[in-house]
Amino acid sequence: QKEVEQNSGPLSVPEGAIASLNCTYSDRGSQSFFWYRQYSGKSPELIMFIYSNGDKEDGRFTAQLNKASQYVSLLIRDSQPSDSATYLCAVIGKNNNDMRFGAGTRLTVKP
Amino acid sequence: DAGITQSPRYKITETGRQVTLMCHQTWSHSYMFWYRQDLGHGLRLIYYSAAADITDKGEVPDGYVVSRSKTENFPLTLESATRSQTSVYFCASSDEGGGHTDTQYFGPGTRLTVL
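Since the model is a prediction, treat every value here as computed from it, not as a measurement. (Residues numbered from 1 in each chain as written. Chains lettered and ligands numbered in written order. Predicted model: local features only at pLDDT ≥ 70, side-chain atom pairs only at ≥ 80, totals over all residues. Heavy atoms only, no water.)

Peer 1: Is there a simple way to explain the side chain of Thr103(B) in this structure?
Peer 2: In this structure, Thr103(B) sits in the loop between β9 (87-94) and β10 (105-106). Excluding residues that lie within four positions of it along the chain, Thr103(B) makes contacts with Tyr36(A), Leu46(A), Ser93(B) and Ser94(B). (Helix = DSSP H or I, 4+ residues; strand = E, 2+ residues; numbered from the N terminus. Contact = heavy atoms within 4.5 Å.)

Peer 1: Got a minute to help me understand the packing of aromatic side chains in this structure?
Peer 2: The full count for this structure, using the stated rule, is 14 aromatic pairs over all chains. Their ring planes at 50 degrees and their centres at 6.2 Å tell us that Phe34(A) and Phe49(A) sit as a pair that is tilted. With Phe34(A) in strand β4 (residues 32-38) and Phe49(A) in strand β5 (residues 45-50), this residue pair connects regions lying 15 residues apart in the sequence. Each member of the pair, Phe34(A) as well as Phe49(A), is classed as buried. Between Trp27(B) and Tyr105(B), the aromatic rings sit 5.2 Å apart at their centres with planes inclined by 50 degrees, giving tilted as the arrangement. Residue Trp27(B) is found in the loop between β3 (19-25) and β4 (31-38), and its partner Tyr105(B) is found in strand β10; the two are separated by 78 residues along the sequence. You can call Tyr105(B) partly exposed: its relative accessible area is 39%. Members of the aromatic cluster, joined through ring pairs, are Tyr36(A), Phe101(A), Tyr31(B), Phe33(B), Tyr35(B), Tyr48(B), Phe90(B) and Phe106(B). (Phe/Tyr/Trp six-rings, centres within 6.5 Å; stacked < 30°, edge-to-face > 60°. Buried < 20%, exposed > 50% of the residue type's maximum accessible area, 1.4 Å probe, protein only.)

Peer 1: What is the right way to read the interface of chain A and chain B from this model?
Peer 2: How big an interface is tends to be reported as the loss of accessible area on association of its parts. In this assembly, 21 residues from chain A lie in contact with 22 residues from chain B. For the chain A and chain B pair, buried surface summed over both sides reaches about 1,800 Å², with 56% attributable to carbon and sulfur atoms. Our count for the contact surface shared by chain A and chain B stands at 1 salt bridge. Linking Glu59(B) and Arg100(A) is a salt bridge whose minimum nitrogen-to-oxygen distance equals 4.0 Å. Inspection of the chain A/chain B interface yields 3 residue pairs in polar contact (both at pLDDT 80 or more). For the side of chain A that touches chain B, the leading source of residues is β4(A), giving 4 residues. Across the side of chain A that touches chain B, the residue classes break down as 11 nonpolar, 6 polar and 4 charged. (Buried area = accessible area lost by both parts, 1.4 Å probe. Salt bridge = Lys/Arg side-chain N within 4 Å of Asp/Glu carboxyl O. Polar contact = N/O pair within 3.5 Å; in protein donor to acceptor, adjacent residues only side chain to side chain. Nonpolar A, V, L, I, M, F, W, Y, C, P; charged D, E, K, R; others polar.)

Peer 1: Looking at this model, I keep getting lost on the sheet that holds strand β1 (residues 4-6) of chain A. Mind explaining?
Peer 2: Working definition: the strands of a sheet are paired by backbone hydrogen bonds and lie parallel or antiparallel to each other. Residue and element names in this part refer to chain A. In spatial order, the strands read β1-β3-β8-β7-β6; together these 5 strands make up an open sheet with antiparallel pairing. Edge positions in the sheet fall to β1 and β6 (54-58), since each has one partner strand and no second. Averaged over all pairs of adjacent strands, the angle between strand axes in this sheet comes to 20 degrees, irrespective of strand direction. Where β1 and strand β3 (residues 19-25) come together, 3 bridges link them in antiparallel fashion. Looking at the pairing, Val4 lines up with Tyr25 of β3. (Pairing = 2+ DSSP bridges. Axes fitted to C-alpha atoms, helices over the stretch in contact; angles between N-to-C directions.)

Peer 1: Hey, could you run me through the layout of surface pockets in this one?
Peer 2: The gaps of empty space that remain are located by a probe, the size of a water molecule, rolled over the atoms. When its volume is computed, the largest pocket comes out at roughly 650 Å³. Among the elements of the structure, β9 (85-92) and β11 (105-110) of chain A together with β4, β9 and β11 (110-114) of chain B are those that each provide at least two residues to the lining of the largest pocket. Of the residues contributing to the lining of the largest pocket, the split by class is 9 nonpolar, 12 polar and 5 charged. (1 Å grid on protein atoms, 1.4 Å probe; cavity = no way out; pocket = protein on both sides within 12 Å on 5 of 7 lines; lining within 4 Å. Points joined across faces, edges and corners; volume = space filled by probe spheres on them.)

Peer 1: How should I be thinking about the pattern of salt bridges in this particular structure?
Peer 2: Two side chains carrying opposite charge are able to pair once their charged atoms lie near each other. What the rule picks out here adds up to 8 salt bridges over all chains. Close ionic contact of Glu3(A) with Arg100(A) constitutes a salt bridge, the shortest N to O distance being 2.6 Å. Here the residue Glu3(A) occupies a position in the segment before β1, and Arg100(A) occupies one in strand β10 (residues 99-101), the gap between them amounting to 97 residues. By relative accessible area, which is 35% here, Glu3(A) ends up partly exposed. The salt bridge partner of Arg17(B) is Glu14(B), with a shortest N-O separation of 3.6 Å. One salt-bridge network, in which partners are shared between bridges, spans Glu3(A), Arg100(A) and Glu59(B).

Peer 1: Any chance you could explain the state of the cysteines here in plain terms?
Peer 2: By definition, a disulfide is the covalent link that joins the sulfur atoms of two cysteine residues. With the rule as written, the count across this model stands at 2 disulfides over all chains. The partner cysteine of Cys23(A) in its disulfide is Cys89(A), sulfur to sulfur 2.1 Å. Judged by the sign of its S-S torsion, about -75 degrees, the bond between Cys23(A) and Cys89(A) is left-handed. Of this pair, Cys23(A) sits in strand β3 while Cys89(A) sits in strand β9, and the two are 66 residues apart along the sequence. Assessed through its relative accessible area of 1%, Cys23(A) is described here as buried. A sulfur-sulfur separation of 1.8 Å characterises the disulfide bridge that pairs Cys23(B) with Cys91(B). Handedness here is read from the sign of the S-S torsion; for Cys23(B) and Cys91(B), about -75 degrees, the answer is left-handed. In this pair, Cys23(B) is assigned in strand β3 and Cys91(B) in strand β9, connecting sequence segments 68 residues apart. Taken as a pair, Cys23(B) and Cys91(B) share a single burial class, namely buried. (Disulfide = S-S within 2.5 Å.)

Structure below.
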């Protein structure tokens, strides 16, 4: 079992819809959770992080964390074609100094 | 220019050759990281460094060597390149290195092909 699992997609949504990206992790002691966006041929860039159970909102993005279910998600409201990218979930474990990434979910927003 | 840079951006080499990928950051971040990105595997940590002269292994360190004599530089060396090391390599830096709010800033990447 991979430490961080994501559905590889592709996930396709129409412009203006809500895109829902999911991630599960295996280390129950994981402390912090991050969502990165990576455009094709570019480097990853941080969208947001979350470390408490519940929801965290930042503009059109909402991260949701459920530690009991070992599940973290990212919702993108009012999706735009410019949101088309690969979204990487990353986790820092309790005893780790290093970050473990999922393989990413490719999102396409169709005009 | 401020930021994090990598060189070369593209490299083609042959099996058995030594290759060094360079990474330079101007933020004076304490932590620096090397990742490789392969289709289906996402980003995997090779090595990281918490400060000058302090390095530690990540998830996939075999076949790689790092050093950090200065805070701003973190070179990655493939001592004897193999085809399985064909990948895109990203360097990253951060101020917290694993803290709750750790933000890693990534360089533009080096695409390495080993023939």
